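Close look at the chain arrangement
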Amino acid sequence: MMWRIYFDNNATTPLLPEVFEAMRPYLLESFGNASSIHQRGQQARAAVEAAREQVAELLGARASEIVFTGGGTEGDNLALFGLVEPGDHVISSTLEHHAVLNGCKRLEEMGVAVSYVPCGSDGVVRPEAVRAALRPETRLISVMMANNESGALQPVEEIGAIAREADVYFHTDAVQAAGKVPIDVERIGCDLLTVAAHKMHGPQGVGALYVRRSTRLRPLLVGGRHERGRRAGTENLAGIVGFGKAAGMAVEWFSEGGDVLMADLRDRLEQGICCAVRGTRVNAAAAPRVPNTSNLLFEGIEGEGFVIAMDLKGISVSTGAACSSGATEPSHVLTAMGLSGDEARGSIRFSLGKQNTAEEVDEVLTQVPGVVAKLRELSPAWAARQ
Ligand SMILES: Cc1ncc(COP(=O)(O)O)c(C=O)c1O
């Protein structure tokens, strides 16, 4: 089999083997419903509560403040729709993931006013712009912690302070931050924070919303009184156990300096490519970034072609652009940073995971120059510039 290198960890990460082993018994013999009063049910309940402690520890929260969800999108939706009502005002940013952006659009249809704060060319939202957008009827600020395309970290602590001062709720989508940079909900001063297991080597389809104690949230899903009435439905037992294990392993990884080593690997990749391929730029280079993400603009190429050519070489990367209805729209994140449509379409996201090695980085470094050169040979725009 061809040696496959996976550098698309912001899309999803592989399960760590330890996570899989932690989940296995809960898919087989210990399959109980955590609401059942018999022994199997009680075992399941104990496992869910142990995982809740592990996720809480990763976020600096109390276990009672963790609501398990079906992933990042659900957490973001619960934060938005659980708090906001027609007539309210919400502040968000132009950089958000569609889980928040399209949620905000739906809120607008419901009679909520939404202000979208822009970012600078570095991909970072300015706290003063958030402050300037405040209105007397502002109920919620929702600004992400780390951007999924550029990796740029947002000034969430400053925004949290602004929200507190104005007595407004603050939600942050930390789906791309969790397990990559340390998170402390008290330092951030947020009321709500979204995480997803599959971006940190846990399973897909499970996540959590941190909900600060005494925050009254309307549930999205109604039914039984699971998750203290905040999210109805039988808990995803094996998924939650895997999430807890992944969270516990992330805590250990930070204590062993894993984030520093990952940043070294990312820098080796970034510098290697920029040295070997002229006409290359790092998007959001001036911003503080998560240690695993490198978004590179290659002048004169189409990102889609690059992704396909790399895939043929056994290497998975991604464009910053989302593909909608057959047409490749340039990424809303990169255009918000001031890139032209062509620049955004020529940008590629390399995102590392804990399984990646220096050997893999070196293999990618040997392949990228040739792939870019081939694509440029076919590019009239590049030829015209020479
Ligand atoms: C920043 C961000 N928020 C939310 C989501 C949605 O998470 P999920 O796919 O778990 O629903 C993603 C997924 O890519 C993301 O990157």
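Now for a description of the structure that goes with this document. Owing to the predicted nature of the structure, the values given are computational and were not obtained by experimental measurement. (Residues numbered from 1 in each chain as written. Predicted model: local features only at pLDDT ≥ 70, side-chain atom pairs only at ≥ 80, totals over all residues. Heavy atoms only, no water.)

Sheet architecture is open: four strands sit in the order E9-E10-E15-E12, paired in antiparallel fashion. Among the strands making up the open sheet, the edge pair consists of strand E9 (280-282) and strand E12 (318-319). Here strand E10 (residues 293-298) runs beside strand E15 (residues 347-351); their pairing, made up of five bridges, is antiparallel. Within E15, the position partnered with asparagine 295 by the bridge is arginine 349. Sitting on the sheet, helix H9 (residues 258-276) touches E9, E10 and E15, and the angle it makes with E10 is about 10 degrees. (Pairing = 2+ DSSP bridges. Helix = DSSP H or I, 4+ residues; strand = E, 2+ residues; numbered from the N terminus. Contact = heavy atoms within 4.5 Å. Axes fitted to C-alpha atoms, helices over the stretch in contact; angles between N-to-C directions.)

Looking now at the environment of leucine 269. Here leucine 269 lies in helix H9. By relative accessible area, which is 0% here, leucine 269 ends up buried. Distance from leucine 269 to asparagine 236, taken between C-alpha atoms, is 37 Å for residues 33 residues apart in sequence. Sequence-distant contacts of leucine 269, defined by excluding residues within four places in its chain, comprise Phe7, Phe350, Val361, Val364 and Leu365. (Buried < 20%, exposed > 50% of the residue type's maximum accessible area, 1.4 Å probe, protein only.)

Before going further, it helps to examine the packing of aromatic side chains. The relative placement of two aromatic rings is captured by the distance of their centres and the angle of their planes. Taken as a whole and judged by the stated rule, the model has four aromatic pairs. On the basis of an interplanar angle of 65 degrees and a centroid distance of 6.2 Å, the ring pair of phenylalanine 68 and phenylalanine 243 is categorised as edge-to-face. In this pair, phenylalanine 68 is assigned in strand E2 (residues 66-69) and phenylalanine 243 in helix H8 (residues 237-255), connecting sequence segments 175 residues apart. We classify phenylalanine 68 as buried; its relative accessible area is 3%. Look at phenylalanine 243 and you get buried, because its relative accessible area is 0%. Put simply, the rings of Phe298, Phe306 and Phe350 pair up and form one aromatic cluster. (Phe/Tyr/Trp six-rings, centres within 6.5 Å; stacked < 30°, edge-to-face > 60°.)

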